[in-house]
Amino acid sequence: RYGKGEVKLAPGPLEVAAEHKDPDFEKLRAAVAEKREEFAKTKVPEMKPYVHVTKKDLLEKATKNMNGSTYNIAIPANHTEFLKLGSAWLTDAFRASGVL
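Nothing here was measured: the structure is a model prediction, and the numbers come from that model.

Looking at this structure, how should I read helix α1 (residues 23-41)?
Each α-helix turn comprises 3.6 residues. Residues three or four places apart therefore point the same way. A rise of 1.5 Å per residue sets the reference length of α1, with its 19 residues, at 27 Å; its end C-alpha atoms lie 28 Å apart and thus fit the reference within 8%. Buried residues are scarce in α1, accounting for zero of its 19 residues.

As structure tokens, then:
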């Protein structure tokens, strides 16, 4: 039916009657829209080209904390290392990515 033009794409965001709107939700919606526009203007670093890694190299590097190629911050090798780095690392990671 879509191919025949009988079904159309969704018309976009639903309009909600004023008496059903939640003021707190509308504030959050406006804040998200503002952040979305702000984020769209930021420049995300380019990904580095793919590098082939052998199994031997992978096994050697898998136990080490190494810096990521996009934001150049330490990436924990496993869950235990993640817990050791703690919330300060997670905050730094979010800041490096531009989320915070």
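Explanation requested: the pattern of salt bridges in the structure shown.
A side chain of one charge can pair with a side chain of the opposite charge when the charged atoms of the two come close. Applying the stated criterion to the full structure yields three salt bridges. For Glu-26, the salt bridge identified is with Arg-29, shortest N-O distance 3.4 Å. With a gap of three residues between them, Glu-26 and Arg-29 both fall in helix α1, about one helical turn apart. The partly exposed category is assigned to Glu-26, whose relative accessible area is 26%. Given the relative accessible area of 40%, Arg-29 is considered partly exposed.

What is the right way to read the packing of aromatic side chains from this model?
The geometry of an aromatic ring pair is captured by the separation of the ring centres together with the interplanar angle, meaning the angle of the planes. Throughout the structure, instances matching the rule amount to one aromatic pair. An angle of 85 degrees between the planes, with centres 5.7 Å apart, marks the rings of Phe-82 and Trp-89 as edge-to-face. Using a relative accessible area of 33% as the deciding quantity, one classes Phe-82 as partly exposed.

I tried to follow unusual backbone geometry on my own but got confused; where do I start?
A negative phi angle characterises most non-glycine residues, just as the trans form characterises most peptide bonds. With phi around 55 degrees, Asn-72 is a residue other than glycine that occupies positive phi space. You can see Asn-72 is positioned in the loop between β1 (66-67) and β2 (74-75). You can call Asn-72 exposed: its relative accessible area is 54%.

Teacher, can you tell me more about helix α3 (residues 79-97) here?
With 19 residues, α3 should cover 27 Å at 1.5 Å per step; its first-to-last C-alpha distance of 21 Å lies more than 12% under that length. Gly-86 marks where α3 bends most, by close to 90 degrees. Sitting at the amino-terminal end of α3 is Asn-78, which places a side-chain oxygen 3.1 Å from the backbone nitrogen of Thr-80. Looking one or two residues beyond α3, the residue adopting positive phi is Gly-98, at roughly 95 degrees.

I keep staring at the confidence of the model for the chain and nothing clicks. Help me out?
For the chain, the average pLDDT comes to 81, and 88% of its residues sit at 70 or higher. Put simply, β1 is where the chain has its lowest mean pLDDT, 78, and α3 is where it has its highest, 89.

So what exactly am I meant to see when it comes to a nonpolar patch on the surface here?
A cluster of nonpolar side chains, namely Phe-82, Leu-83, Leu-90, Phe-94, Val-99 and Leu-100, defines an oily patch on the protein surface of about 570 Å² accessible area. In this fold, Phe-94 is placed in helix α3.

Calculation notes
Residues numbered from 1 in each chain as written. Predicted model: local features only at pLDDT ≥ 70, side-chain atom pairs only at ≥ 80, totals over all residues. Heavy atoms only, no water. Helix = DSSP H or I, 4+ residues; strand = E, 2+ residues; numbered from the N terminus. Expected span 1.5 Å × (residues − 1). Buried < 20%, exposed > 50% of the residue type's maximum accessible area, 1.4 Å probe, protein only. Salt bridge = Lys/Arg side-chain N within 4 Å of Asp/Glu carboxyl O. Phe/Tyr/Trp six-rings, centres within 6.5 Å; stacked < 30°, edge-to-face > 60°. Bend = angle between axes of the 7 residues up to and from the residue. Polar contact = N/O pair within 3.5 Å; in protein donor to acceptor, adjacent residues only side chain to side chain. pLDDT = per-residue confidence, 0-100. Patch = residues over 30% accessible without salt bridge, like charges linked within 9 Å, V, L, I, M, F, W, Y side chains within 5 Å. Areas by Shrake-Rupley, 256 points an atom, 1.4 Å probe, with all protein chains shown as cover.

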